[in-house]
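Chain by chain, the residues run as shown.
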Amino acid sequence: MRRAPSRLLGLGLAASIAAGPALGDDLRDLYFGEAIFHAGQGHYFDSLQRLDTELGQYHGLDEPQYDTLHYHIGAAEFDVGDFELNYRMHHRAGRAIRAVLEGDVPEPVRNEAAYRLARIHFQKDQPADALQALQRIDGEVPEGIRDDVEFLRGNVYMALGRPGDAVAVLERLQRSKDLTGFAAYNLGIALLQDGRTGEAVEQLDRAGQVDVEDAGGRAIRDKANLVLGTMLDESADHARARVALDRVRLEGPFSNQALLRAGWTEAAAGNFERALVPWNMLAAREVTDSAVQEALLAAPFAYSKLDVHGRAASLYGRALETYGNELERVDASIDSIRKGHFLEALVREEIHQDPNWVVRLRELPATPETYYLMALLASHDFHTGLQNYLDLEDLRQRLASWKTSFDAFEDIIALRAGNYEPLLPDIDASFREFDAQFRLRMAQHELLERRLHGMLTAPRPDYLATADERVVLERLNRMEAQLADADSEQQQALRERIARARGTLTWRLHTEYHERLTLAHEHLRELDAVVEATTRQYESFVRTRQEATHSYVGYDAAIGRLRQRVDAALAKVERLQARQGHLIETVAIDVLQARRERLVAYQEQARFAVADSYDRATRQQTSEARP
Amino acid sequence: MPRILGAVAAVLLACWQVAALAVGDDREQMKGLDEQVQEAKSDVLGIAAELARLEEKLLYPSNTQVAVFVALAAGDTLRLDAVRIQIDGQPVAHYIYSFKELDALRKGGVQRIYTGNVATGQHQIEVTASGKLPDGTDYSQSRSFTFEKGVEPKLVGVTLASADSGRPPIDVGGW
């Protein structure tokens, strides 16, 4: 049953990736794609950091519908919850999913949110809350999660001690392709819990024969066979127990337990010779496994039952030696853990580069502290503690690295200040001159624009006179003024000549007015391009000037605040890591002590049995030697 | 004899109770610590977000910022080994992909391969990708593109596809 949450977690992640964009065609927000890239590698801190930033920016916008994340907002809101869940931040994951649930979203989205919330509650051992969340599901459920919802409902009923309800739900899932194996096994367990032992046996028998390809499905099929074999063995149905146990794969995670049980099944049926087959096979396996340790005693026990006392005595002797060695190793492990070496080994960077780091860690030379790591990882508390410890180590390393970044930032800022500050006063002075000229020219340009626009409705030919014409007009005005009081005939003739000249000019200005106006417009448009280029240059300069200041001014407060936050967080993380580490060591030592006690008990039995077997072997030899 | 057995049983029972209490106590402590670890994660994520904003403002201001992203075309099974990026003839990124990274790209992830600064105006980006096609043959492609850098941050998305997929082997889009 403990496998169900991990199975669900796996489905959740798959769903979240599937909800991501199909690249090249559908992706609109590259940073959202980046968050998925990190999550796809299991780097949930980085994916959350990216997505939190994106969502924060999106929700801070006045018109978020124009943001690129808008195209993926539904998937992003779900994914952030999923990433938090995978990063073991159940509180925040719950909050994120509740926000979707309570938002104005379509029915399928709301139902998916309710399912995810239920899953979180279930993982946190809160089955009543999980059921409450599941009961909020109403109406259309997305097809991809329909079976998962029902599978979770079945598991929740079982956790609530309502196996009858679980049976009803799980029976409907027996044809679900994605849940083959899991649904079959859980139904068998639910029937067992409901007291329907006969039906449970039949169901587990079916679960033990399902056709599955994936590693998870095969493991659960093995588990069904192991449970079934054990039940049948305990009810003395050895023949059927043998069939079930034979179906467990020899290389699977339940192989050792199945081999041990298969031996006991044969032994219980009095077939000691056949019991030796699985036990001998098991005795040759990795000796830290508890089933293997038990097999070391079981195999000579079978030989003694077969009256092969010499062989039994020899194997008991070997078991005794192995237990002695293992006790030494357990003691060395405990001692090494107490000295703090275990925690040091766990955080070795190079180890985590390898996907099989647990195995590698155990194989490291001269590291007794990790020799029993596999056995320790079987403990749920240890596993949780270890994950938290590794997460805290990751946080600690990040914080320590950020701490050094602040010094680098301050160096950059100081360098920039040193570069800009001597230059800026001269630049600013030149700019002020340029700025005054620029503003003047812009005002002139605006005036010309306004005038030409006005001339379209109120023609002013004089405005379009050339410079020469203006000079001529000015001279004519001046001459006319000089002749204002004169009345001689000659002067009269001069006035007429002035009037004719003015008339000629006015005629030209009026007759050429439209051509001149068109030309003036063309010139103004030509000027526009220059004005535009100058404005661009002006704005670019202003921006560059502002950025020069922004590149080194105004960071002190932000850096100071961040430095304080990092220091406080680092202190908190180190404190938590120390406590978590101590707890891991305590749990590890507890588990190893329990293992030690079992080894001592085995050693006692072996010690007694070896003496007894030698005694019997001697008696047998003596009786055979007698004529 | 029964008295001795009774005493042994009592001692064993007491030991078991102590062990059970110890385990229960550990579990409670573990639960309490788990809550605090979640809080610490939340704090550090908050710091990371603020730090990222500061870093961006300080190191990659909007008017010069350029970021290059790499993605695989949807459904493409190209086994990408490495990508090299040059901007205006200068090598800026050379990345060799691990199996996990390739898997993340295939699942729809987008890798930010480079963040840097360029002046406003036109620039040349050259993308070179190498790897293997599903049938085992070598894949090596190189393409040049021009992009325009304005005053806002420039995001350049590079999408890679197998040569026989019917899509351009290297495509660049601006965001």
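Everything numeric here is computed off the predicted structure, so don't read it as measured data.

1. Focus: the overall build of chain B
A count of helical and extended segments in chain B gives two helices and eight strands. Secondary structure elements in chain B, listed N-terminal to C-terminal, are α-β-β-β-α-β-β-β-β-β. The buried share among the 175 residues of chain B stands at 27%. Once local pairs closer than 6 in sequence are excluded, the contacts in chain B between residues at least 24 apart make up 64%.

2. Overview of the interface of chain A and chain B
Each partner contributes residues to the interface: chain A has 55 residues there, and chain B has 47 residues. For the side of chain A that touches chain B, the secondary structure elements donating two or more residues are α2 (30-40), α3 (44-59), α5 (90-102), α22 (380-455), α25 (513-550) and α26 (556-625) of chain A. If one sorts the elements of the side of chain A that touches chain B by residue count, α26(A) sits on top with 14 residues. A class-by-class count of the residues in the side of chain A that touches chain B yields 26 nonpolar, 16 polar and 13 charged.

3. Some points on the environment of A:Arg311
With respect to the helices and strands, the residue A:Arg311 is situated in helix α17 (residues 309-338). Between the alpha carbons of A:Arg311 and A:Met281 there is a distance of 16 Å; along the sequence they are 30 residues apart.

4. Concerning unusual backbone geometry
All names here are of chain A. Backbone geometry at Ala-236 places phi at a positive 65°, although glycine is not the residue there. Note on placement: Ala-236 falls in the loop between α12 (215-234) and α13 (238-246). Judged by the 10 C-beta atoms lying within 10 Å of it, Ala-236 falls in the exposed class.

5. A look at the sheet that holds strand β6 (residues 138-149) of chain B
Residue and element names in this part refer to chain B. Pairing is antiparallel in the open sheet, where four strands are placed in the order β3-β2-β5-β6. With partners counted over all chains shown, the strands left at the sheet margins are β3 (90-96) and β6, one partner each. Neighbour to neighbour, the strand axes of the sheet diverge by 15° on average, direction disregarded. Bridge analysis of strand β2 (residues 79-87) against β3 gives six bridges, and the strand direction is antiparallel. Across the sheet, Gln-86 pairs through a bridge with Pro-91, a residue of β3.

6. Notes on the confidence of the model for chain B
Residue and element names in this part refer to chain B. Per-residue confidence for chain B gives a mean pLDDT of 84, with 85% of residues at or over 70. Of all secondary-structure elements in chain B, the lowest mean pLDDT belongs to helix α1 (residues 2-59), at 69, while β3 reaches the highest, 97. Taken together, the stretch residues 1-22 has pLDDT below 50 and engages in one contact with residues farther than four places along the chain or on a different chain. Scored as a complex, the prediction yields pTM 0.74 and ipTM 0.87.

7. Let's talk about the domain arrangement of chain A
The domain boundaries assigned to chain A delineate domain 1 (1-160), domain 2 (176-269) and domain 3 (435-558). Each of domain 2 of chain A and domain 3 of chain A has a C-alpha centre, and these two points are 99 Å apart.

8. As for the packing of helix α10 (residues 182-193) of chain A against α12(A)
All names here are of chain A. It is the contact of α10 with α12, at a shortest axis distance of 9 Å, that shows an interaxial angle of 25°. Looking at the two axes, α10 sits roughly parallel to α12. The hand of the α10/α12 crossing is left-handed. Of the residues in α12, those touching α10 at Phe-182, Ala-184, Tyr-185 and Gly-188 are Ile-220, Lys-223 and Ala-224. Here the contact of α10 with α12 is built from residues that sort into five nonpolar, one polar and one charged.

9. Some words on helix α24 (residues 489-511) of chain A
Across its 23 residues, α24(A) extends 32 Å between first and last C-alpha, which sits within 8% of the 33 Å expected from 1.5 Å per residue. α24(A) sits mainly on the outside: zero of its 23 residues count as buried.

10. Describing helix α9 (residues 163-171) of chain A
For α9(A), every residue scored as buried is listed here: A:Pro163, A:Ala166, A:Val167, A:Val169 and A:Leu170. Along its buried surface, α9(A) packs onto α8 (146-159) and α10 of chain A.

11. A short note on the environment of A:Glu266
Residues and elements named next belong to chain A. Structurally, the position occupied by Glu-266 is in helix α14 (residues 255-268). As for Glu-266 and Arg-242, which are separated by 24 residues in sequence, their C-alpha atoms are 7.8 Å apart. Non-local contacts of Glu-266, meaning those with residues more than four positions away in its chain, are made with Asn-271, Arg-274 and Ala-275.

12. So, the environment of A:Leu399
By the secondary structure assignment, A:Leu399 is in helix α22. A:Leu399 sits in the buried class, given 24 other C-beta atoms within 10 Å. Sequence separation between A:Leu399 and A:Gly310 is 89 residues; the distance between their C-alpha atoms is 64 Å. When residues no more than four places from it in sequence are discounted, the contact partners of A:Leu399 are A:Val566, A:Ala569, A:Leu570, A:Val573 and B:Val44.

13. Focus: the nonpolar core
Judged by nonpolar contacts, the single largest core of 165 residues is most densely connected at A:Ala299, B:Phe69 and B:Leu160. The dominant element in this core, judged by the number of residues it contributes, is α26(A), at 15 residues. Sequence-distant contacts of B:Leu160, defined by excluding residues within four places in its chain, comprise B:Val70, B:Leu72, B:Ala73, B:Leu78, B:Leu80, B:Ala129, B:Pro169 and B:Ile170.

Criteria and thresholds
Residue numbering note: each chain is counted from 1, following its sequence as written. Chain labels run from A onward and ligand labels from 1 onward, assigned in the order the entries are written. Per-residue local features are limited, in this predicted model, to residues with pLDDT of at least 70; the limit for side-chain atom pairs, both in listing and counting, is 80 or more; totals at the level of whole chains, interfaces and linings are taken over all residues. In DSSP terms, a helix is any run of H or I states spanning at least four residues, a strand is any run of E spanning at least two, and both are numbered starting from the N terminus. In this scheme every C-beta is placed from the backbone, and a residue whose C-beta has 20 or more other C-beta atoms within 10 Å is buried, one with 12 or fewer is exposed, and one in between is partly exposed. Contact between two residues is assigned when their C-beta atoms, built from the backbone, lie within 7 Å. For this classification, the nonpolar set comprises Ala, Val, Leu, Ile, Met, Phe, Trp, Tyr, Cys and Pro, the charged set comprises Asp, Glu, Lys and Arg, and every other residue, Gly included, is treated as polar. For two strands to pair, DSSP has to find at least two bridges joining them. Lines fitted to C-alpha atoms define the axes, with helix axes restricted to the stretch in contact, and inter-axis angles between N-to-C directions lie between 0 and 180 degrees. Residue-level confidence of the predictor is summarised by pLDDT, bounded by 0 at the bottom and 100 at the top. Domain borders in the structure are assigned automatically or taken from a domain database. Any angle that falls under 35 degrees is termed roughly parallel, while one over 145 is termed roughly antiparallel, one within 65 to 115 roughly perpendicular, and all others oblique. Two helices cross in a left-handed way if the nearer one is turned anticlockwise from the farther one by less than a right angle. They cross in a right-handed way if the turn is clockwise. Residue count minus one, scaled by 1.5 Å, sets the expected span of a helix. Take the buried Ala, Val, Leu, Ile, Met, Phe, Trp, Tyr and Cys residues, join any whose C-beta atoms are within 7 Å, and the set you get is a nonpolar core.

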